[in-house]
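Structural overview for review
Residues per chain are reported as follows:
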Amino acid sequence: MPAVRLLPPDRFFDRAEWAAITRASAWRGVWLVAHGWIISIAVVGVAAWLNNPLAWLAAIILVGGRQLGFAILMHDAAHGALHPNRKINNFLGDWLTGAAVGSDLIAYRTYHLQHHKFTQQPEDPDLALSKPFPTTRASLWRKVLRDLTGQTFFKQRVAQFGFAMIGLKAMLRGEKPEKKGVSTKAGTPFNKQSDDGMTSPTVDVAGAMAVTRAVGRFLLVQAVLLGASLALYGWTPYLLWLTGLATTFQLYLRIRNIAEHACTTTGSDDPFTHARTTRAGWFARATVAPYWVNYHAEHHLFMGVPCYRLPAVHAALGRAGRHGEMTIAPNYRSVLRQVTAVQA
């Protein structure tokens, strides 16, 4: 299929405005990463201090939102939009955001750009995330149950660690992958959801090695967090973090994936149909829509815009009278109603 048609930015912005909108700030991305960690540490710390089951539940609900936030900020880094310095951008994306949730920046960047090039077409590596919809409420509830009971987390980790062992054995044998460009096979198994727990198949040595490196970073970050938890307060803060990673993070990730493209009229001829924007209140922003990820239609229209400037793009499109051409949902509840319209 042909690549999706891009929208020329000069229809809405002059050259100076466009340069300002797409220029990554030297401090805002760093602050957002710091914000994610500050909130995560604060909520699990306060919950551990209160030593109350309701506080633990609140912490798990909130920390899952910040864990999704780390995945979102890694996504910005994949577009080179988290920091103007490429080395700092990649460090933030690999170690301080991606590693926290087990994702690999480089592999994610490679396949994610394919998603933008062929959105919702057969070549789109993310097509499996929206293809099953619409579905029944019963089917969605079964997925929600698997997420909140840790089954999705366990299935993904088994698959990820299995491929990591393949890569580790290849490294120990001294194997070197053929240099045919950057591998897209490793995907980012902890940033997406699919039936087999992996974003895309890992069938080559380069992909397996990429998974090994991603798992190594993930385990190192987890070891640091566990060590800090034990040194400062005991097991409780880390267990709250890990529980969020295994439950609410998985659910929020699923809802975000559904909202972005499921049941949209995506087509290559109209760039305004490539994705959905969902309005988000304070609770949604704290859980399923951190760091402006709900402005997904704007992101697909202008993928080089940093996340913190997407509201300005949304406003500019509104002033130009183009909101009517976009898929804009009033809230995430309405999206879930739409995608479960099939009767059992």
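Structure report, in brief. Because the structure is a prediction, the values reported are computed rather than measured.

1. Some thoughts on the overall build of the chain
Secondary structure summary: the chain contains 15 helices and 2 strands in total. A compact globule built from 344 residues would reach a C-alpha radius of gyration of about 20 Å, and the chain, at 20 Å, matches this within 12%. Overall size of the chain, expressed as C-alpha extent along the three principal axes, is 55 × 50 × 50 Å. Per-residue burial over the chain gives 54% buried out of 344 residues. Within the chain, counting contacts between residues at least 6 apart in sequence, those at least 24 apart form 75% of the total. Total accessible area on the chain is roughly 15,900 Å²; 64% of this is exposed by carbon and sulfur atoms. Averaging the positions of the 36 positive and the 20 negative side-chain charges in the chain gives two centres separated by 5 Å.

2. Remarks on the side chain of Ser40
Looking at the secondary structure, you find Ser40 in helix α2 (residues 28–50). On the basis of relative accessible area, Ser40 is assigned to the buried category, the value being 1%. Residues within four places of Ser40 in sequence aside, it is in contact with Val63, Arg66, Phe70 and Trp241.

3. Let's talk about a nonpolar patch on the surface
Residues Val46, Trp49, Leu50, Leu232 and Tyr233 make up a contiguous nonpolar surface patch of about 610 Å² in total accessible area. Per element, the largest residue contribution to the nonpolar patch is 3 residues, and it comes from α2. Following the sequence through the fold, Leu50 ends up in helix α2. Owing to a relative accessible area of 45%, Leu50 belongs among the partly exposed residues under this scheme.

4. Thoughts on the packing of helix α9 (residues 205–232) against helix α10 (residues 236–246)
In the contact formed by α9 and α10, the axes pass within 8 Å of each other and the chain directions differ by 145°. Only Pro237, Tyr238, Trp241 and Leu245 of α10 make contact with α9, whose side of the interface consists of Phe218, Gln222, Leu225, Leu226 and Ser229. Here the contact of α9 with α10 is built from residues that sort into 7 nonpolar, 2 polar and no charged.

5. Here's the deal with the nonpolar core
Ranked by size, the top nonpolar core spans 58 residues in total, and within it Trp37, Leu73, Trp241, Leu245, Ile258, Val288 and Tyr332 carry the most contacts. Breaking this core down by element, the ones donating at least two residues are α2, α3 (53–78), α5 (105–117), α7 (137–148), α9, α10, α11 (248–261) and α15 (332–339). With 12 residues, α3 is the single largest residue contributor to this core. Ranked by size, the runner-up nonpolar core spans 15 residues in total, among them Ile21, Ala297, Val313 and Ala316.

6. Considerations on the environment of His83
Tracing the backbone shows His83 in the loop between α3 and α4 (86–98). His83 gets classed as buried once you look at its relative accessible area, which sits at 9%. Separated by 60 residues in the primary sequence, His83 and Arg23 place their C-alpha atoms 9.0 Å from one another. A polar side-chain atom of His83 sits 3.2 Å from the main-chain carbonyl oxygen of Ala26. Among the polar contacts listed, one links the side chain of His83 to the backbone nitrogen of Asn85, at a separation of 3.0 Å.

What counts and what doesn't
Residues numbered from 1 in each chain as written. Predicted model: local features only at pLDDT ≥ 70, side-chain atom pairs only at ≥ 80, totals over all residues. Heavy atoms only, no water. Helix = DSSP H or I, 4+ residues; strand = E, 2+ residues; numbered from the N terminus. Rg over C-alpha atoms; globule rule 2.2 N^0.38 Å. Buried < 20%, exposed > 50% of the residue type's maximum accessible area, 1.4 Å probe, protein only. Contact = heavy atoms within 4.5 Å. Areas by Shrake-Rupley, 256 points an atom, 1.4 Å probe, with all protein chains shown as cover. Lys, Arg positive; Asp, Glu negative; His and termini not counted. Charge placed at Lys NZ, Arg CZ, Asp CG, Glu CD. Patch = residues over 30% accessible without salt bridge, like charges linked within 9 Å, V, L, I, M, F, W, Y side chains within 5 Å. Salt bridge = Lys/Arg side-chain N within 4 Å of Asp/Glu carboxyl O. Axes fitted to C-alpha atoms, helices over the stretch in contact; angles between N-to-C directions. Nonpolar A, V, L, I, M, F, W, Y, C, P; charged D, E, K, R; others polar. Core = buried A, V, L, I, M, F, W, Y, C linked by side-chain atoms within 4.5 Å. Polar contact = N/O pair within 3.5 Å; in protein donor to acceptor, adjacent residues only side chain to side chain.

On their own, these measurements won't tell you what the molecule is for.
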